[in-house]
Amino acid sequence: MRQKIVAGNWKCNTTLQEGIELAKAVDATVAEKGARDVVVILGTPFTHITKVVEAINTGRIGVAAQNCASEAKGAYTGEVSAAMVKSTGAEYVILGHSERRQYYGETSGILNKKLALALENGLTPIYCCGEALEVREAGAQNEFVKQQLAETVFTLSPEDFKKIVIAYEPIWAIGTGRTATSAQAQEMHAFLRGTIAEKYGKEIADGTSILYGGSCNPKNAKELFANPDVDGGLIGGASLKAEDFIEIINAY
Ligand code: PGA
């Protein structure tokens, strides 16, 4: 179902204690505001999930893992499976982030295994796509992102595709302070929705939440979120400060 979503991606930041404080601060503000039509998600390190779930009201804030293993279980030292993530109380998992693709060699083949396991275990994947600066400068961003989807989430059945959230995160905007303009975000999001419609039909495309990520902050969130095809944001740096993240939630 298409929803407005503001999701934090804490990446490899915060100790457990800092994470709990951050989560509590966000939870308190969301509680004060009462029921809103925006879904708030905290993407915490694996080590924090259980404690964050305990510290917040999960009826109003969801928790995401930032990754899961590509195998169901077994002798894979250091890995955390989708079933383990689910058993902590997390409901979401971020998959396909450009940092995972770039630094940890995550290919479409690996991502397909992770997507399948996440879905089998009842987790909602937040699937990231997005082009590098050279691709944007060559004007090839649309084909590039379409290909990323074609190799991964477009292999899902319509029933499974309906369960996922897409995040468009241009690599050149991640952590750089250089945000896509509101027009660039809208243009890509409309393209993505059109591409989803070609593959699964208009109804599924209209029901898909497509988030923008990349240097989203309290100053630019309102303008980005005002676009008809931008359904919220995946927020990195600005999700680490409770006041900033709350201001972004309040941009809706
Ligand atoms: P950023 O990161 O907001 O720090 O640019 C976004 C992301 O990588 O999800």
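Below or above, wherever it landed, is the structure these notes cover.

What counts and what doesn't
Residues numbered from 1 in each chain as written. Predicted model: local features only at pLDDT ≥ 70, side-chain atom pairs only at ≥ 80, totals over all residues. Heavy atoms only, no water. Near = heavy atom within 4 Å. Polar contact = N/O pair within 3.5 Å; in protein donor to acceptor, adjacent residues only side chain to side chain. Areas by Shrake-Rupley, 256 points an atom, 1.4 Å probe, with all protein chains shown as cover. 1 Å grid on protein atoms, 1.4 Å probe; cavity = no way out; pocket = protein on both sides within 12 Å on 5 of 7 lines; lining within 4 Å. Sits in = over half its atoms within 2 Å of the grid points. Nonpolar A, V, L, I, M, F, W, Y, C, P; charged D, E, K, R; others polar. Helix = DSSP H or I, 4+ residues; strand = E, 2+ residues; numbered from the N terminus. Expected span 1.5 Å × (residues − 1). Buried < 20%, exposed > 50% of the residue type's maximum accessible area, 1.4 Å probe, protein only. Pairing = 2+ DSSP bridges. Phe/Tyr/Trp six-rings, centres within 6.5 Å; stacked < 30°, edge-to-face > 60°. Lys NZ or Arg CZ within 6 Å of the ring centre and 35° of its normal. Disulfide = S-S within 2.5 Å. Contact = heavy atoms within 4.5 Å. Points joined across faces, edges and corners; volume = space filled by probe spheres on them. Axes fitted to C-alpha atoms, helices over the stretch in contact; angles between N-to-C directions.

1. A few points about the site of the ligand
Line of reasoning, step 1. Taken together, 13 residues form the shell around the ligand, and within it Lys11, His97, Glu169, Gly175 and Ser215 come nearest.
Line of reasoning, step 2. Lys11 has a polar side-chain atom sitting 2.7 Å from an oxygen atom of the ligand.
Line of reasoning, step 3. At 2.7 Å, a backbone N or O of Ser215 approaches an oxygen atom of the ligand.
Line of reasoning, step 4. Protein contacts shield 95% of the accessible area of the ligand, which totals 280 Å² for the unbound molecule.
Line of reasoning, step 5. Among the detected pockets, the ligand sits in the second largest pocket.
Line of reasoning, step 6. For the shell around the ligand, the per-class residue count stands at 4 nonpolar, 7 polar and 2 charged.

2. Details of helix H9 (residues 182-200)
Along an α-helix, residues three or four apart share an orientation, since each turn contains 3.6 residues.
Line of reasoning, step 1. Across its 19 residues, H9 extends 26 Å between first and last C-alpha, which sits within 8% of the 27 Å expected from 1.5 Å per residue.
Line of reasoning, step 2. For H9, the set of buried residues is Ser182, Ala185, Gln186, Met188, His189, Leu192, Arg193, Thr195, Ile196 and Tyr200.
Line of reasoning, step 3. Gly201 sits one or two residues past H9 and shows a positive phi near 100 degrees.

3. Description of the pairing of strand S3 (residues 61-65)
Line of reasoning, step 1. Within S3, 5 of the 5 residues are buried, leaving the element largely enclosed by the surrounding structure.
Line of reasoning, step 2. Every second residue of S3 is oriented toward a common face, with Ile61, Val63 and Ala65 on one face and Gly62 and Ala64 on the other, all of them buried.
Line of reasoning, step 3. In the sheet, strand S2 (residues 38-43) pairs with S3 via 4 bridges, with the strands oriented parallel. Paired with Ile41 across the strands is Gly62, a residue of S3.

4. Section: the packing of aromatic side chains
Line of reasoning, step 1. Taken as a whole and judged by the stated rule, the model has 5 aromatic pairs.
Line of reasoning, step 2. Between Phe225 and Tyr252, the aromatic rings sit 4.8 Å apart at their centres with planes inclined by 20 degrees, giving stacked as the arrangement. Taken as a pair, Phe225 in helix H11 (residues 221-225) and Tyr252 in the segment after helix H12 (242-249) lie far apart in primary sequence, 27 residues in all.
Line of reasoning, step 3. Taken together, the ring pairs connect Phe154, Phe161 and Tyr200 into an aromatic cluster.
Line of reasoning, step 4. We note Arg100 situated over the ring of Tyr104; from NZ or CZ to the ring centre the distance is 4.2 Å.
Line of reasoning, step 5. A cation over a ring is seen here: Lys199 above Tyr200, with NZ or CZ 5.8 Å from the ring centre.

5. What about the state of the cysteines?
Line of reasoning, step 1. On inspection of all chains with the given rule, the structure shows 0 disulfides.
Line of reasoning, step 2. Sulfur of Cys68: no disulfide; nearest cysteine sulfur belongs to Cys128 and is 13 Å away.
Line of reasoning, step 3. Free cysteine Cys128: the closest other cysteine sulfur is in Cys129, separated by 7.6 Å.

6. Comments concerning the side chain of Gln66
Line of reasoning, step 1. On the secondary structure map, Gln66 appears in the loop between S3 and helix H3 (82-88).
Line of reasoning, step 2. For Gln66, a relative accessible area of 19% puts it in the buried group.
Line of reasoning, step 3. Reaching out from Gln66, the side chain makes a polar contact with the backbone oxygen of Gly43 at a distance of 3.1 Å.
Line of reasoning, step 4. Here the side chain of Gln66 touches Thr44 through a polar contact of 3.4 Å, landing on its backbone oxygen.
Line of reasoning, step 5. Excluding anything up to four places from it in sequence, Gln66 contacts Asn9, Trp10, Lys11, Cys12, Gly43, Thr44, Pro45, Ile94 and Arg100.

7. Looking at the layout of surface pockets
Line of reasoning, step 1. Of the volumes computed, that of the largest pocket is approximately 460 Å³.
Line of reasoning, step 2. What lines the largest pocket is a set of 19 residues, among which Cys12, Gln66, Asn67, Arg100 and Tyr104 lie closest to the centre.
Line of reasoning, step 3. Looking at the lining of the largest pocket element by element, the count peaks at 3 residues for helix H4 (residues 98-103).
Line of reasoning, step 4. Looking at the lining of the largest pocket residue by residue, the class counts come to 9 nonpolar, 6 polar and 4 charged.
Line of reasoning, step 5. Of the pockets and cavities examined, the second largest pocket occupies roughly 230 Å³.
Line of reasoning, step 6. A per-class count over the lining of the second largest pocket returns 7 nonpolar, 10 polar and 2 charged.

8. A closer look at the environment of Gln186
Line of reasoning, step 1. Assignment of secondary structure puts Gln186 in helix H9.
Line of reasoning, step 2. Each C-alpha atom, one on Gln186 and one on Asn227, is 5.9 Å from the other, the two residues being 41 residues apart in sequence.
Line of reasoning, step 3. Apart from the residues within four sequence positions on either side, Gln186 is in contact with Asn227, Pro228, Asp229 and Val230.

9. Notes on the sheet that holds S3
Line of reasoning, step 1. The 8 strands are arranged S1-S2-S3-S4-S5-S6-S7-S8 in a closed barrel whose pairing can be described as parallel. Each strand of the sheet is rotated relative to its neighbour by a mean of 25 degrees, with strand direction disregarded.
Line of reasoning, step 2. Bridge count for strand S7 (residues 210-213) against strand S8 (residues 232-235) is 2 bridges, and the pairing is parallel. Directly across from Tyr212, in S8, lies its bridge partner Gly233.

The analysis is restricted to geometry; functional conclusions fall outside its scope.
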